[in-house]
Amino acid sequence: MTYFKSFTAIAMTALCLPAFAMGQSAVQVDANEDGMLSLEEVQAVYPEVTAEQFAAADLNGDGQLDDAEVSAAQEAGVIPVE
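**Focus on the overall build of the chain**
Point 1. When its secondary structure is counted, the chain shows five helices and zero strands.
Point 2. Secondary structure elements of the chain occur, N-terminal to C-terminal, as α-α-α-α-α.
Point 3. Relative to its full complement of 82 residues, the chain shows a buried share of 27%.
Point 4. Considering only intrachain contacts with a sequence separation of at least 6, the fraction spanning at least 24 residues in the chain is 39%.
Point 5. Here the chain displays about 5,400 Å² of accessible surface, and carbon together with sulfur accounts for 62% of that area.

**As for the side chain of Asp 58**
Point 1. Counting through the fold element by element, Asp 58 comes out in the loop between helix 4 (51–57) and helix 5 (67–75).
Point 2. Here the side chain of Asp 58 touches Asp 62 through a polar contact of 3.2 Å, landing on its backbone nitrogen.
Point 3. When sequence neighbours within four positions are dropped, the list of residues in contact with Asp 58 reads Gly 63, Gln 64, Leu 65 and Glu 69.

**A word on unusual backbone geometry**
Point 1. Located in the positive-phi region is Glu 33, a residue other than glycine, with phi close to 55°.
Point 2. Looking at the secondary structure, you find Glu 33 in the loop between helix 2 (24–29) and helix 3 (39–45).
Point 3. For Glu 33, a relative accessible area of 68% translates into the label exposed.

Quick notes on the rules
Residues numbered from 1 in each chain as written. Predicted model: local features only at pLDDT ≥ 70, side-chain atom pairs only at ≥ 80, totals over all residues. Heavy atoms only, no water. Helix = DSSP H or I, 4+ residues; strand = E, 2+ residues; numbered from the N terminus. Buried < 20%, exposed > 50% of the residue type's maximum accessible area, 1.4 Å probe, protein only. Contact = heavy atoms within 4.5 Å. Areas by Shrake-Rupley, 256 points an atom, 1.4 Å probe, with all protein chains shown as cover. Polar contact = N/O pair within 3.5 Å; in protein donor to acceptor, adjacent residues only side chain to side chain.

Now the structure itself:
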């Protein structure tokens, strides 16, 4: 039983790491809780962010923002910091 509890705790922590890494404000934006932010998720909270701004922030061009891209976009003033 102890093994199962330990495994469950480790698994839950691993599943939540992307959200923890993005910070509290990004977690509120990440509606589907996949650890990535889509244009729709960003615009739902920050409607002033345009598709062009999002594309500029999407450094790897995958259509979603990861933690590093969100941080860089916030530092550049493309996405608001809360």
